[in-house]
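# Structural overview
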Amino acid sequence: MVVQVVLVHGIRTSATMWRAQVDYLTERGTPVTAVDLPGHGSRIAEDFTLESAMATIDGAVRSAAERGPVLLSGHSMGGLLCVEYVGAEDPPPVSGLIAASCTAIPRGVGLGAYRMLARGFDSLPDRGMWLTDRMLDRILPDETRADFGAGGYALDAQDTALRSLSVLDLLAALHRIDVPLWFVNGQYDQLRVNEKLFMRIAQHAELVVVPRTTHHVTVMRPRVFDALLEVALTTLESSDR
């Protein structure tokens, strides 16, 4: 059976951040679904809740699993949600997981500081978008720059989404994950803070650190991330055969 790919975006952005990967997978002949979480992208008018976000991932995974083994890939908040989802006590039908830019436990001082920074940006006259755009102009290549924000920015959902992440029990989830797992981090990613802990706990994990790259590894180095998708897909395809 053909491996199916499900992609889950990070906070504030949407499914459009995966356009480079969707194009690559489509050319490869690999079926792919990039979801919009509640409060983001095409669903920006909806309220974000942890339950509805997990239900979105579960619906996409179970639909894909009807057609073949599933490779699930999430970035940042999407990666944290995917770790929690795959590591559930009742394992979902996922054959492999790529968790990008998410090796941090979203609790305590770190989460509080991130929420305070986000609120500071939100309090600016343009809700911080001038600074955000200047930063993205500097770090993202032309081929993906427009994709990152093409679905709009979920500014209203941001604080609610961040707050909801504090209830995730990622360490317990990592203990339970029994499928191939790849952590992908940019060298300068601030969410590498618990990288060693995650690697120590996860039983089937490999770590890839992309040099000269920030938190936005999927759009900053799209061809590198495509190559990592190829590694994961080849692994699952070989196992399936």
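Anyway, here's the lowdown on the structure attached to this text. Not measured: the values here are computed from a predicted model. (Residues numbered from 1 in each chain as written. Predicted model: local features only at pLDDT ≥ 70, side-chain atom pairs only at ≥ 80, totals over all residues. Heavy atoms only, no water.)

### Things to note about the sheet that holds strand E4 (residues 96–100)
With parallel pairing, the 6 strands of this open sheet are ordered in space as E2-E1-E3-E4-E5-E6. Among the strands making up the open sheet, the edge pair consists of strand E2 (32–35) and strand E6 (205–210). The average undirected angle you get between the axes of adjacent strands in this sheet is 15 degrees. Of the strands in this sheet, strand E1 (4–8), strand E3 (70–75) and E4 touch helix H3 (residues 77–86), which is tilted by about 140 degrees from E3. (Pairing = 2+ DSSP bridges. Helix = DSSP H or I, 4+ residues; strand = E, 2+ residues; numbered from the N terminus. Axes fitted to C-alpha atoms, helices over the stretch in contact; angles between N-to-C directions. Contact = heavy atoms within 4.5 Å.)

### Concerning the nonpolar core
Among the nonpolar cores identified, the biggest contains 43 residues, and Ile-57, Leu-72, Leu-81, Leu-174 and Leu-181 are the most heavily contacted of them. In this structure Leu-72 touches Val-6, Val-8, Ile-57, Val-61, Cys-82, Tyr-85, Val-86, Val-94, Gly-96, Leu-97 and Ile-98, once residues within four positions along its chain are discounted. The next biggest cluster of nonpolar side chains, apart from the first, holds 27 residues, and it includes Leu-71, Leu-136, Val-217 and Leu-233. (Core = buried A, V, L, I, M, F, W, Y, C linked by side-chain atoms within 4.5 Å. Buried < 20%, exposed > 50% of the residue type's maximum accessible area, 1.4 Å probe, protein only.)

### Remarks on the packing of aromatic side chains
Going through the model one piece at a time under the given rule, you end up with 3 aromatic pairs. For the ring pair Trp-18 and Phe-225, a centre distance of 5.9 Å and an interplane angle of 50 degrees mean the geometry is tilted. Linking Trp-18 in the loop between E1 and helix H1 (19–28) with Phe-225 in helix H11 (residues 222–240), this pair joins segments that are 207 residues apart in sequence. In terms of burial, Trp-18 and Phe-225 fall into one category: buried. (Phe/Tyr/Trp six-rings, centres within 6.5 Å; stacked < 30°, edge-to-face > 60°.)

### Section: the pairing of strand E5 (residues 181–186)
Most of E5 sits inside the fold, with 6 of its 6 residues counted as buried. Along E5, one buried face is formed by Leu-181, Phe-183 and Asn-185 and the opposite face, lined by Trp-182, Val-184 and Gly-186, is buried too. With 4 bridges connecting them, E4 and E5 associate as parallel partners. Across the sheet, residue Ile-98 finds its bridge partner in E5, namely Trp-182. With 6 bridges joining them, E5 and E6 adopt parallel strand pairing. Paired with Trp-182 across the two strands is Glu-206, which belongs to E6. Following the backbone out of E5, through helix H9 (residues 195–201) and into the adjacent parallel E6, one traces a crossover that is right-handed. (Right-handed = clockwise from strand over helix to strand, strands pointing away.)

### Structural notes on unusual backbone geometry
Despite not being glycine, Ser-76 has its phi angle at roughly 60 degrees, a positive value. Along the chain, Ser-76 falls in the loop between E3 and H3.

That's the geometry; what it means functionally is another story.
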